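# Report on the structure
The primary structure of each chain is shown beneath.
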Amino acid sequence: MGRNNGGGGLRVLMLGWEFPPFISGGLGTACYGLTRAMDQLDVGVTFVLPRMVERQYVTHVRLLSPGSRAGESGLQGGQVELQNVKFRSIASPLQAYATPAEYKKRVAESVRLQRELAALLGGDEVRGGQDYSGDLSEEVNRYASMVVDLARREDFDVIHAHDWMTYPAGVAVAGVTGKPLVVHIHSTEFDRSGEHVNQVVYDIERQGMERAGRVIAVSHYTRGIVVSRYGIPAEKVEVVYNGVERNGQWSFVDTSIKRDEKLVLFLGRITMQKGPEYFLRAAKKVLDVMDNVRFVMAGSGDMMYRSVELAAALGIGHRVLFTGFLRGDDVQKIYRLADLYVMPSVSEPFGIAPLEALDNDVPVLISKQSGVSEVLRHALKVDFWDVNEMANKIVAVLKYAPLRMTLRNHGNFEVRRLRWKDAARNCIRIYQEMLVAV
Amino acid sequence: MPSVCFYFQVHQPMRLRHYTVFDKDERYFDESKNAAICKKVAQKCYLPANRLLLKLINQHRGRFKVAYSLTGVLLEQLERYSPEVLSTFHALAETGCVEFLAETYYHSLSFLYSRREFIEQVRKHVAAIECLFGQTPTVFRNTELIYNNDLALLVEAMGCFDAIITEGADHILGGRSPNFLYRPKGCRHTKLLLKNYTLSDDIAFRFSNRDWTEWPLTAGKFGQWVSAVNGSGNVVNLFMDYETFGEHQWEDTGIFEFMRHLPDEVLKHPDNDFMTPSEVAGAYESVGEVDVPEVISWADTERDLSAWLGNAMQSGAIHELYRLEKKIKRANDERLLDDWRRLQISDHFYYMCTKYFSDGDVHKYFNPYDSPYDSYINFMNVLDHLQSRCRRRAVQDAAGGESAKRHAAQMSATS
């Protein structure tokens, strides 16, 4: 079906992130969805990603074929065979969504563990930790030079780099090989840090966008930031919306949450960007006029403890449940129980989670400050700061079954139109335009 | 000898204000928005169109005639926000060449939900027209030309109408022409005037469409199309929204110029004339029976109710609304009754329609809401408050004078 797209023969060096099941957010989901769709369109992909050094690995570069056991590598996309994709993992503690401060802590922790492990095993065959830089931007550069080493031995036509930590690697490979570079903006420093941008990160992002032949933004919302905040010429920046993987599994799972209770779900990283505070303030207002509502915050992040405290301070602690980070089946389970999914993001470049919620028949309320609100009509929308209106809409969804039903039916139908294959086709078209230009 | 029969629908809804679940007052309607829209449409459409038609009627000395259906909620708003429009309608009424039709005062879907309420609203509308224009309507048209056999029977049983106007939908005519009068199935004397939707929509929808092969449409060309009906029909019913002039078709499309020349072009042919709906009903006999078991309307290509009642929100909201009828009427409170009835304005349900929304054709109709969901939530919040007023009334009535005071005292003591 995809063979008529002209993607055949093309080879992409994809500088990406985590694959299922090791996923902490939308970035991994997007890399997976896009790569899988490209595979189906007969595009060859060499997928490079950073991995923490594991005990059994002794070399920096570990080759993983699609045939390797999923449980061990965690790199294979679920049960799906990827015919045209090769994986290359590079030992590095780089992790999606890290901030420089978090990174420092994480490396220190890792080094300590490695040392303990080495002491325990009585030898020094465990390597890696010592090689890491304690500084994030240095590590990003170290990663870049390792990717260059790897790229010399790979055959590809285009380089496609996802989010800022891989941009220096992309720029370096492009410089050495002369191959065109596409950078894909899933989020910007302004989304992650508001106005308190980290200058180092900003500079890396900007350099990547400037050096790239084309910039892909996940929404017009993000494209606007790329143009206005990074000064990138508008004609170079294209919008390619994310898709959603259809799940279609249905399993009713009993849990301790009683069904005479309504459940409102926040699912995502609990960070400033995701607006947990607005969710809780809206929850308070909902509980002022309605009983029997439970608010679930599924996820973890640097705002988690402050959120727990805020819930207590608002006097709604007993009505808010913090589940921590959920994965796999647990995510499906919580969707099955939810009456409404709320994404109150302060700044959300795209936001795949609402699409997954709709795919699981859960109506969604999303902030207008999100890229996904550009593609969803059958969703409730609100300004993230307008907690009164957010509460108004939450109450309406919980109170009126016809509203839930209409949102669910239309939303589920609408979400089917957002397919990764279309996103992949758009990327392939961009590659081809660049290759013609070269 | 076709008679050209113009009828213009004139209506403006009363839009709700943004009303959340936290709002507790009885101000449901957006006075400033309604005033602004009413004044804007008055300037762009009602005033220039009324003045033009008045001029044409005077010029043609009784040979050019038109009919209007002015909803009660429009009349109230004109009185409040644009009284000069009302005075031009008075002037039109005094020419003797203008007929006013009857409909439900609140432009409601009440026929589908409560016969009793339907009859009350029609009576209220007739009374308003009599009071304002000194003439008693004898032709009935239902909201959005919603119609079926039962409606015809009910209207005939009311005993004050000679004819009903509805859509000349293909499937009810079965190949017959809309350019004749018909008899509704089961009725004895009532006549049916059917909209010639092709010629009506040429003016109302296609007039400014440059992709249309007949663009530009001139009065001369249209006059020829009307004359072509000669020998194959008695009447050409041109029914449309009045906002066609200046609002749906902007002035710069030439729509007023078209209308300015149309009477001349139609009357060029000696067999043609203009008639009002009641004159048509008096002049021609029914040529056959029309059987409409299922409900039809003039909306969209479907000609059905899906624009108002097509999704679960729409039917849920309207059911909840009409379920209150007994309580509202028992309360014997004019303000409560009027608020309830204003919530019946069909536009409230139209705004909740998801079918255009899915196509991305959001601007098909002026809609004050960003989405059908917002409109439903807003409506339900208002309805919820209206229900609470009903309950309060019921409690007061049950308790009666002295004990009500005691109850109020108790309530304030416990809170």
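### Quick word on the overall build of chain B
What chain B contains, in helices and strands, is 19 helices and ten strands. Computed over C-alpha atoms, the radius of gyration of chain B comes to 23 Å, within 12% of the 22 Å expected from 2.2 N^0.38 for 415 residues, which places it in the range of a compact globule. Oriented by its inertia axes, the alpha-carbon framework of chain B measures out at about 80 × 45 × 45 Å. For chain B, with 415 residues in total, the buried portion stands at 46%. Looking at chain B alone, contacts between residues at least 24 apart form 78% of all its contacts between residues at least 6 apart.

### Some thoughts on the domain arrangement of chain A
All names here are of chain A. Taken domain by domain, chain A comprises domain 1 (2–243 + 419–437) and domain 2 (262–415). Contacts between the two partners involve 21 residues from domain 1, matched on the other side by 16 residues from domain 2. Those elements that place two or more of their residues in the side of domain 1 that touches domain 2 are helix H1 (26–40), helix H6 (189–193) and helix H8 (220–230).

### Some remarks on the interface of chain B and chain A
In this assembly, 14 residues from chain B lie in contact with 16 residues from chain A. Elements that contribute at least two residues to the side of chain B that touches chain A include exactly helix H13 (312–323), helix H17 (355–359) and helix H18 (372–399) of chain B. Counting residues per element, the side of chain B that touches chain A draws most heavily on H18(B), which supplies four residues. When the residues that make up the side of chain B that touches chain A are grouped by side-chain class, the tally is nine nonpolar, five polar and no charged.

### Notes on the pairing of strand S2 (residues 44–51) of chain A
All names here are of chain A. Along S2, eight of the eight residues are buried, which leaves the element largely enclosed by surrounding structure. Summarising the sheet, S2 and strand S4 (residues 85–91) pair through seven bridges and their orientation is parallel. When the bridges of S4 are listed, Val48 appears paired with Arg88.

### Details of the domain arrangement of chain B
All names here are of chain B. Examined at the domain level, chain B breaks down into domain 1 (3–290) and domain 2 (308–399). A straight line from the C-alpha centre of domain 1 to that of domain 2 covers 26 Å. Contacts between the two partners involve 23 residues from domain 1, matched on the other side by 16 residues from domain 2. Here the side of domain 1 that touches domain 2 is composed, by residue class, of eleven nonpolar, seven polar and five charged.

### Focus on the sheet that holds strand S14 (residues 380–382) of chain A
All names here are of chain A. The six strands are arranged S11-S10-S9-S12-S13-S14 in an open sheet whose pairing can be described as parallel. Because the sheet does not close on itself, it has two edges, and the strands there are strand S11 (320–324) and S14. Each neighbouring strand pair of the sheet contributes to a mean axis angle of 20°, computed without reference to strand direction. Strand direction decides the pairing type here: strand S13 (residues 364–367) and S14, joined by three bridges, are parallel. Each residue of the ladder has a partner; that of Ile366, found in S14, is Lys381.

### Points about the packing of helix H4 (residues 136–152) of chain A against helix H5 (residues 167–177) of chain A
All names here are of chain A. Taken N-terminus to C-terminus, the directions of H4 and H5 make an angle of 40°; their axes are 8 Å apart at the nearest point. In this view, H4 runs oblique relative to H5, as classed from their interaxial angle. Considering only the axes of H4 and H5, their crossing is right-handed. From H4, Val140, Asn141, Tyr143, Ala144, Ser145, Val147, Val148 and Ala151 reach across to H5, where they touch Pro168, Ala169, Ala172, Val173, Val176 and Thr177. In the contact of H4 with H5, the residues fall into eleven nonpolar, three polar and no charged.

### Quick look at the environment of Asp25(B)
Residues and elements named next belong to chain B. Positionally, Asp25 belongs in the loop between strand S1 (3–10) and helix H1 (31–59). We classify Asp25 as exposed; it has 8 C-beta atoms within 10 Å. For the pair formed by Asp25 and Ile345, sequence separation is 320 residues and the distance between their alpha carbons is 21 Å.

### Let's talk about unusual backbone geometry
Glycine aside, residues mostly have negative phi angles, and peptide bonds mostly take the trans form. A cis amide bond links Trp215(B) to the next residue, Pro216(B), at an omega of -5°. Looking at the secondary structure, you find Pro216(B) in the loop between helix H8 (197–204) and helix H9 (219–227). Its identity is not glycine, yet Asn292(A) carries a phi of approximately 60°, on the positive side. For Asn292(A), the position within the fold is in the loop between helix H9 (276–289) and strand S10 (293–298). When the 11 C-beta atoms within 10 Å are taken as the criterion, Asn292(A) is described as exposed. The backbone of Asp361(A) shows a phi angle near 65°, a positive value even though the residue is not glycine. One can find Asp361(A) in the loop between helix H12 (353–359) and S13.

Cut-offs applied
Residues numbered from 1 in each chain as written. Chains lettered and ligands numbered in written order. Predicted model: local features only at pLDDT ≥ 70, side-chain atom pairs only at ≥ 80, totals over all residues. Helix = DSSP H or I, 4+ residues; strand = E, 2+ residues; numbered from the N terminus. Rg over C-alpha atoms; globule rule 2.2 N^0.38 Å. Buried ≥ 20, exposed ≤ 12 C-beta atoms within 10 Å, placed from the backbone. Contact = placed C-beta atoms within 7 Å. Domains from an automatic or database assignment. Nonpolar A, V, L, I, M, F, W, Y, C, P; charged D, E, K, R; others polar. Pairing = 2+ DSSP bridges. Axes fitted to C-alpha atoms, helices over the stretch in contact; angles between N-to-C directions. Parallel < 35°, antiparallel > 145°, perpendicular 65-115°, else oblique. Left-handed = near helix turned anticlockwise from the far one by under 90°.

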